[in-house]
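Observations on chain architecture
Here are the chains, one letter per residue:
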Amino acid sequence: MGKYAESGNLIELGNRLRNRRTELHLSQETVAEKAEISTNTVSRIEGGQTAMSIEIFIKLVDVLDADINKLLDGIVMVVGKEGRFQNVFYHISHLKECEQTVVLRTMEALVEELRKCG
């Protein structure tokens, strides 16, 4: 899972991992110990605050005896340029309306100036 994965998908995946952990009545500490990662890492993954490596994902799937298809159902992890755009749009969408207006006006002005150069 790339570092440019869309934040909304990270949150959804984190929620699904947390739900599975709580279904099994496991603490974050127990999962962390069994997966050989820190409790802080488990917390950040469940909170959608960080992407994880494939290795960590596989460890969590094993520890939680989870169905990968259920965990990833409907989640599209986009990497590269597309993921970067989605990540920026996600952050803009969580700004206050007046801040969004400033960002959009700035982008429109930049695009207009770039067209004049081309």
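All residue numbers here refer to positions counted from 1 along the written sequence of the relevant chain. Whole-chain, interface and lining totals are the exception, using all residues; otherwise, since this is a predicted model, local features are given only for residues with pLDDT of at least 70 and side-chain atom pairs are given and counted only at 80 or more. Only hydrogens and water are removed before side-chain values are computed, so all heavy atoms of the structure are retained for them.

**As for the confidence of the model for the protein**
- Summary of the metric used: pLDDT quantifies the predictor's per-residue confidence within the range 0 to 100. Chain-level statistics for the protein give a pLDDT mean of 84 and a share of 83% at 70 or above.
- Strands are runs of DSSP state E lasting at least 2 residues, helices are runs of H or I lasting at least 4, and numbering of each runs from the N terminus. Mean pLDDT across the elements of the protein ranges from a minimum in helix α6 (residues 80–93), with 67, to a maximum in helix α2 (residues 28–35), with 97.
- Ignoring residues within four places in sequence, the model shows residues 1–5, a span with pLDDT below 50, making 16 contacts including any to other chains. Contacts are assigned to residue pairs that have any heavy atoms within 4.5 Å of one another.

**Looking at the environment of Ile56**
- Of note, Ile56 is situated in helix α4 (residues 54–63).
- Distance in space between the C-alpha atoms of Ile56 and Glu36 is 8.8 Å, their sequence separation being 20 residues.
- In this structure, Ile56 is in contact with Ile37 and Ile45, ignoring residues within four places of it in sequence.

**Looking at a nonpolar patch on the surface**
- Patches here: salt-bridge-free residues with over 30% relative accessible area, like charges joined within 9 Å, nonpolar side chains (Val, Leu, Ile, Met, Phe, Trp, Tyr) joined within 5 Å. Areas reported as accessible are Shrake-Rupley estimates using a 1.4 Å probe. Residue values count occlusion only from the protein chains shown. Here a salt bridge means any side-chain nitrogen of Lys or Arg lying within 4 Å of a carboxyl oxygen belonging to Asp or Glu. A grouping of Val88, Phe89, Leu104 and Met107 is seen on the molecular surface, where their side chains present a nonpolar patch of about 360 Å² in accessible area.
- Listed by contribution, the elements that provide at least two residues to the nonpolar patch are α6 and α7 (97–117).
- Checked against the element boundaries, Val88 lands in helix α6.

**Some points on the pattern of salt bridges**
- Throughout the structure, instances matching the rule amount to 6 salt bridges.
- In this structure, the salt-bridge partner of Glu12 is Arg16, at a minimum N-O distance of 2.8 Å. Taken together, the positions of Glu12 and Arg16, both in helix α1 (residues 7–23) and 4 residues apart, correspond to about one turn of that helix.
- The partner of Arg21 in a salt bridge is Glu46, with the nearest N and O atoms 2.6 Å apart. Note that Arg21 is positioned in helix α1 and Glu46 in helix α3 (residues 39–46), a separation of 25 residues in sequence. Pair check on accessibility: Arg21 and Glu46 agree, each one buried.
- What emerges from the salt-bridge pattern is a single network uniting Arg18, Arg21 and Glu46. Only protein chains enter the accessibility calculation, which uses a 1.4 Å probe; a residue whose area is less than 20% of its type maximum is buried, one above 50% is exposed, and one in between is partly exposed.

**Observations regarding α3**
- Every buried residue of α3 is accounted for by Val42, Ile45 and Glu46. Within α3, the buried residues cover an arc of 95° as seen down the axis, which keeps them to one side.
- Immediately downstream of α3, the backbone of Gly48 shows phi near 70°, a positive value. Regarding the arc, it is the one traced by the directions from the helix axis to the C-beta atoms.

**As for unusual backbone geometry**
- The residue His25 is not glycine, and still its phi comes out positive at about 60°.
- What makes His25 exposed here is its relative accessible area of 73%.

**Here's the deal with the nonpolar core**
- We define a nonpolar core as any set of buried Ala, Val, Leu, Ile, Met, Phe, Trp, Tyr and Cys residues linked to one another through side-chain atoms lying within 4.5 Å. One finds Leu13, Leu17, Val31, Met52, Leu60 and Leu71 to be the most contacted residues of the largest nonpolar core, which totals 18 residues.
- Those elements that provide at least two residues to this core are α1, α2, α3 and α4.
- Looking at this core, the element that brings in the most residues is α4, giving 4 residues.
- Filtering out sequence-adjacent residues up to four positions away, Leu60 remains in contact with Leu17, Val31, Ala35, Ile37, Ile45 and Met52.

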